[in-house]
Amino acid sequence: MVEPVLNVSALKVSGLTVHYHEIPVLWDIDLEIPQGKFVGVLGPNGAGKSTLLKAILGIVPTVSGSIWIEGKQLVEVRRRTAYVPQREAVDWDFPITVKQLVLMGRYPFLGAFRRVTKKDHQMAYECLEKVGMHEYADRQISQLSGGQQQRAFLARALLQDADIYFLDEPLAGVDHATELVVIELLSELVKRQKTVLMVHHDLNSVEKYFNWVVLLNVRLVASGPEESTFTDQNIQKTYGKNFALFDETLKRSRTIAEGYND
Amino acid sequence: MTQNPYWGSDFFSFFAILFSRVQEFFVLGPSQMQLASDELQLFVLTLISISSALIGTFLVLRKMAMLANALSHTILPGVVFAYLGYHYFYASPNEIDFSHLLPSDSLLVVAGLASGLVTAYLTQTLVQHLHQAEDASIGMVFTFLFAIGIILVTAFTKSSHVGAELLMGNVDALHRADLSLIFWIFVANLTIFALLWRPFFVSTFDPLFSSMCGISNAAIGYLLMGQVAVCAIGAFRAVGVLLFLAFLVTPPLIARKCTHNLKVMAGFACLVGALSSLIGVAFSRHLLSVYALPCSTSGLIVTLLAIVYGFSLAIISRPRA
Amino acid sequence: MIEFFTDPVLFAPTIGSMLMCCLAAFVGTFAVLKRQSLVGETLSHACYPGVVLALLLSKLFFEVAPDAFLMLVPMIGASLSCLLGMYLVQILTLRFKVTQDSALCFVLASFFGLALVVLSLLQSPFPTLYKELQSYLFGQAATQTNIHIVVYAILSLLILSTTILFFRPIKTVIFDPNFAKTIGINCESVHLLLLGIIVSSVVIGIRSLGVVLMSAMLIFPAVSCRFWTVRLEFLLFFSALFGTISGFFGVYFSHQMSMITEVSFPTGPMIVVIASLIFFLSSMLAPQKGILFRAIRRVKFWSQCQQENLLKALWKRCSQKRSPAISRNEIQHLFQAKPYKLTLLLSAIRRRGWIKVTGIDTYEMTAFGMLWGRKILRLHRLWEVYLVEYCGVGKDRVHPSAEEMEHIITKEIENELVVLLDDPHVDPHHQPIPTGEGNLLLP
């Protein structure tokens, strides 16, 4: 595996705008995040946090903007990224066991045709052990609790051995034990100079977990080291009604520009 | 005309005769044996059911079952266009007669593929650009294309009776040539799934992950639609387009109740489909021999599948999380 | 066209088609709103076993029967069969976690298969019945007589009355299910009622419409009318109207085509084509959501933005020079645009009364133009202050990103901005912001 290049930001985003059905969900986002940070992406509902992750990974189309991951375009560094989706987005009734789910983490390396070897199984098992799910390896994924489901997906991400990890609300509705396991594993990754971006909803734990914070509400409110960025003023700007005028005007102008009556 | 060796046999002797003929086949070789009509039906139906079960597994998991229903209607205009095109460019453009079998199987396959792709494409356009709900889009596309098909058929053949054969098929009117088309479709499907199993699996379960792996979900979707369409073309003469839907959907539903493993599910669906075909053909012969009642073999197979599914629902209970 | 209503031969098919299409469209509105557009497909096929068994039983027990009875018997069989089918779909989706599309497809194909089995078993013992059933199930749209029309009309009226009677609960459950629960409406009952309405309509109409046309009529008019309105009353009305129109013109055009080509054109496909045409036209021409009008409004808005930008540029220059006169060359320098576009823009703002022509290639800003230019500049600069100082958008990014939003600032927004920003006098680029009143050419 190639070592990450030093002195290049893990992530650089410039002028990113994303629409959903012609309404802006993200507007003119400029971000730069250095390597080895544990980043919390925060904002109210509908602020575009999930969309930010998906836009960076090329999962949703963008209206404008450039994205560099470790200084390169997404297509070149796909293998260095891993994504853990929101639990709602998963088809839990699919006929797949925990073990098979985690093994998927090897597919970017194996491609479409190479056989899965004993070594791959071994690596998958190790990741399952790391998250404490090795006893559930043969369970179908709907037979797991919320926390266990989250851990299984995390194990898959770990198996991918990426440089940047994107997680969408991994701690939503999980038990305390799972929360600890997840944070511990992610912190370990950060210690090894990996970068972790996590959409988070609980403002009380931000200080404890993250060393970098991105505050979003359709526009970027602030992005920087946790101590200097996670201030009362910025929180108020993100979650408060201060930008109601902006939001309203933005939406109206888009509606009119698309030819709908006001 | 040689007598059908299955004539007059009941359900159990059907299998006895089949077994002995298989043994004869291995001893005497293909040149000495003639394919009985029951055997032809059996092979055709078995191959169709295995192809359908494989394709249907992914259709069901991708929630595309009603798209397959739409396709079963839109292959009509596809076939009509192919037929018209053939006549205008190759044969005499004046006399167009639908009552004969269509000119060439490869033309039919192309027609099927084209219908599949056009249906999928139009549905996507309605959903993305006109912001319509997916089920409404499917409904609009297939009814419109079907209507166009009927209008063209009427305009060019002076009769609009497309009817019964397309809907019901006629297993008793099969020829050796049909077997060869269906065989190649079967081989093609097996090959596609053997080669592209992983992309199909990943793109069906986790489209986000698969697009991050560089797999195009759209391409897999269109490929699957193409497979459904071509299989429908192969199947419509034997089982008709409606019953083909049951071959697509019911075996995977049954298999899903029985296993949590995708590969096992696909394999089991094929097995269920094949066995139902075998039992269906045997039972149909039984009804004819013992009760002098001719029965729609494909209808019988579909009913049998439904009953098996009913049993599987009643007997197998899912462990709750 | 009148002959379709007066000619005794044409009357029944025409009215029959119109009536059935109207009913299907009316009922289809509910199906489409409930995201169950394809339920018609399943119901149309699920009714077959019921029809076969009902006719079989009636033939066994009643040798001779009046026409109306023979019409009602298959309908009853079909209804029972349909209800059973939908009940199975419900169980499969709710209890056994099967996805809706798979459940619909399974019921559709399996019921049809069952019907085929029964039908084929009848072939030997009841050959005439077999032939009748064959043509009943797979034949073309039945020849309609006046009796059929009367029966259909009565049944349609029943359906309409039921809908009107329960209109309030239906509307609440469809558009606001959570609220419906809180005010004590039993949502399951309402859904059951709607299902009953849909089943009845499918069963009544299937004989004359056929499977594909039934699905088309359930869907096309309902989605077309959504381009025109959002209220349930109007949705139902327009849907029924579009359905009726499709029914009539389908019969009309198929008749004309039959006359012209001397081939008997079936009416069904023609009705579908007309219905799809209505859909297409609705998507293009509906005033609110239609693509054509939206395109026109987009061009108008973009053009308005361009005109306002030009006006701003003119005002700034004239304000610098302290003179309302300006030459074409100067304008060309100020405002980057191709000469022909500039000409168009200038004539547009002349029509608005913002400038007047004083000579060849020389213009003068009118008083109105100066007032307006000043006002627009003020609004745009206020908005820039808001973006930079209040929202933290970078100074260098203000112009491109704020473009669209500048042009829709209303008086209310302006007032809010003044309060929020404490009535600023300078914008982020240190340009003066014109005040609310004062000399027209001065900031």
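Here's what I pulled together on the structure shown here.

Rules behind the numbers
- Residues numbered from 1 in each chain as written.
- Chains lettered and ligands numbered in written order.
- Predicted model: local features only at pLDDT ≥ 70, side-chain atom pairs only at ≥ 80, totals over all residues.
- Helix = DSSP H or I, 4+ residues; strand = E, 2+ residues; numbered from the N terminus.
- Rg over C-alpha atoms; globule rule 2.2 N^0.38 Å.
- Buried ≥ 20, exposed ≤ 12 C-beta atoms within 10 Å, placed from the backbone.
- Contact = placed C-beta atoms within 7 Å.
- Axes fitted to C-alpha atoms, helices over the stretch in contact; angles between N-to-C directions.
- Parallel < 35°, antiparallel > 145°, perpendicular 65-115°, else oblique.
- Left-handed = near helix turned anticlockwise from the far one by under 90°.
- Nonpolar A, V, L, I, M, F, W, Y, C, P; charged D, E, K, R; others polar.
- Expected span 1.5 Å × (residues − 1).
- Arc of directions from axis to C-beta.
- Core = buried A, V, L, I, M, F, W, Y, C linked by C-beta atoms within 7 Å.
- Pairing = 2+ DSSP bridges.

## Some points on the overall build of chain A
Link 1 in the chain: Per the secondary structure count, chain A includes 11 helices and nine strands.
Link 2 in the chain: Relative to its length of 262 residues, chain A is compact, with a C-alpha radius of gyration of 19 Å against a globular reference of 18 Å.
Link 3 in the chain: The C-alpha extent of chain A, read off along each of the three principal axes, is 60 × 40 × 40 Å.
Link 4 in the chain: Residue burial in chain A is summarised as follows: out of 262 residues, 43% are buried.
Link 5 in the chain: Counting contacts in chain A only where the partners sit at least 6 residues apart, residues at least 24 apart contribute 70% of the total.

## Structural notes on the packing of helix H3 (residues 39-61) of chain C against helix H11 (residues 211-225) of chain C
Residue and element names in this part refer to chain C.
Link 1 in the chain: Relative to each other, H3 and H11 sit at 150°, their axes nearing to 9 Å. Classified by the interaxial angle, the pair formed by H3 and H11 is roughly antiparallel. The element H3 and its partner H11 pack so that their crossing is right-handed. Counted together, Gly 40, Glu 41, Ser 44 and His 45 of H3 and Val 211, Met 214, Ser 215 and Leu 218 of H11 form the full contact between these two elements.
Link 2 in the chain: In terms of residue class, the contact of H3 with H11 is built from three nonpolar, four polar and one charged.

## Some remarks on helix H11 (residues 244-257) of chain A
Residue and element names in this part refer to chain A.
Link 1 in the chain: Under the 1.5 Å per step criterion, the end-to-end length of H11 is 20 Å for 14 residues, consistent within 8% with the ideal 20 Å.
Link 2 in the chain: By the burial criterion, the buried members of H11 are Phe 246, Thr 249 and Ser 253. On an axial view of H11, the arc spanned by its buried residues comes to 70°, and they lie on one face. In H11, the exposed positions that point more than 90 degrees away from the buried face belong to Ala 244 and Glu 248.
Link 3 in the chain: After H11 finishes, the residue Gly 259 shows a positive phi value of roughly 90°.

## Looking at the interface of chain C and chain B
Link 1 in the chain: Across the contact, 43 residues belong to chain C and 47 residues belong to chain B.
Link 2 in the chain: Taken together, the elements giving at least two residues each to the side of chain C that touches chain B come down to H3, helix H5 (100-121), H11 and helix H13 (267-285) of chain C.
Link 3 in the chain: Broken down by element, the residue count for the side of chain C that touches chain B peaks at 15 residues, all from H5 of chain C.
Link 4 in the chain: Residues of the side of chain C that touches chain B, tallied by class, amount to 27 nonpolar, 13 polar and three charged.

## Description of the nonpolar core
Link 1 in the chain: In this structure, Val 102 of chain A, Ala 232, Phe 244 and Leu 245 of chain B together with Ala 109 and Met 217 of chain C are the most contacted members of the largest nonpolar core, which totals 264 residues.
Link 2 in the chain: Sequence-distant contacts of Met 217 of chain C, defined by excluding residues within four places in its chain, comprise Cys 21, Ala 24, Ala 25, Gly 28, Leu 209, Gly 243 and Ala 275 of chain C.
Link 3 in the chain: Among the nonpolar cores identified, the runner-up in size contains 28 residues, and Ile 331, Met 365, Trp 383 and Ile 408 of chain C belong to it.

## Side note on the pairing of strand S8 (residues 212-217) of chain A
Residue and element names in this part refer to chain A.
Link 1 in the chain: Burial analysis of S8 places six of its six residues in the buried class, which makes it a mostly covered element.
Link 2 in the chain: A two-sided burial pattern is seen for S8, the buried positions comprising Trp 212, Val 214 and Leu 216 on one face and Val 213, Leu 215 and Asn 217 on the other.
Link 3 in the chain: As defined by bridge partners, strand S3 (residues 38-42) adjoins S8 across four bridges and the pair is classed as parallel. Of the residues in S8, the one forming a bridge with Val 41 is Val 214.
Link 4 in the chain: Pairing geometry for S8 and strand S9 (residues 219-225), over six bridges, is antiparallel. Bridging across to S9, Val 214 finds its partner in Ser 223.

## As for the interface of chain A and chain B
Link 1 in the chain: On the chain B side, the residues contacting the 19 residues of chain A number 20 residues.
Link 2 in the chain: Put simply, the parts of the chain that give the side of chain A that touches chain B at least two residues each are strand S5 (81-84) and helix H4 (107-110) of chain A.
Link 3 in the chain: Here the side of chain A that touches chain B is composed, by residue class, of 12 nonpolar, five polar and two charged.

## Quick word on the sheet that holds S9 of chain A
All names here are of chain A.
Link 1 in the chain: Across the sheet, six strands lie side by side as S5-S6-S7-S3-S8-S9; this open sheet has mixed pairing. Two strands in the sheet have a free side with no partner beyond their single neighbour: S5 and S9. The mean inter-strand angle of the sheet, taken between neighbouring strand axes irrespective of direction, is 15°.
Link 2 in the chain: Contacting S5 and strand S6 (164-168), helix H6 (residues 146-160) crosses the sheet at an angle of about 175° to S5.

## Overview of unusual backbone geometry
Residues and elements named next belong to chain C.
Link 1 in the chain: Located in the positive-phi region is Lys 97, a residue other than glycine, with phi close to 55°.
Link 2 in the chain: By the secondary structure assignment, Lys 97 is in the loop between helix H4 (67-94) and H5.
Link 3 in the chain: Although it is not a glycine, Asp 361 sits at a positive phi angle of roughly 60°.
Link 4 in the chain: For Asp 361, the position within the fold is in the loop between strand S2 (355-359) and strand S3 (362-365).

## Describing the environment of Leu 57 of chain C
All names here are of chain C.
Link 1 in the chain: Structurally, the position occupied by Leu 57 is in helix H3.
Link 2 in the chain: Classification of Leu 57 as exposed rests on a count of 12 C-beta atoms within 10 Å.
Link 3 in the chain: Sequence separation between Leu 57 and Gly 77 is 20 residues, and the spatial gap between their C-alpha atoms is 9.9 Å.

## Re helix H16 (residues 339-351) of chain C
Link 1 in the chain: With 13 residues, H16 of chain C extends 18 Å between its outermost C-alpha atoms, agreeing within 8% with the 18 Å of an ideal straight helix rising 1.5 Å per residue.
Link 2 in the chain: The positive-phi residue at the C-terminal boundary of H16 of chain C is Gly 353 of chain C, with phi of around 85°.

## Here we look at the pairing of S5 of chain A
All names here are of chain A.
Link 1 in the chain: Residues Thr 81 and Tyr 83 point to one face of S5 and Ala 82 and Val 84 to the other, with burial holding for every one of them.
Link 2 in the chain: Pairing geometry for S5 and S6, over four bridges, is parallel. Directly across from Tyr 83, in S6, lies its bridge partner Phe 166.

## What to know about the packing of helix H10 (residues 240-258) of chain B against H5 of chain C
Link 1 in the chain: Interaxial distance between H10 of chain B and H5 of chain C falls to 8 Å at its minimum, and their mutual angle equals 125°. By the angle class used here, H10 of chain B and H5 of chain C are oblique. Remark: the crossing between H10 of chain B and H5 of chain C carries left-handed chirality. Within the contact between the two elements, H10 of chain B uses Leu 242, Leu 243, Leu 245, Ala 246, Val 249, Thr 250 and Leu 253 of chain B and H5 of chain C uses Ser 102, Cys 105, Phe 106, Leu 108, Ala 109, Ser 110, Phe 112 and Gly 113 of chain C.
Link 2 in the chain: Here the residues of the contact of H10 of chain B with H5 of chain C sort into 11 nonpolar, four polar and no charged.

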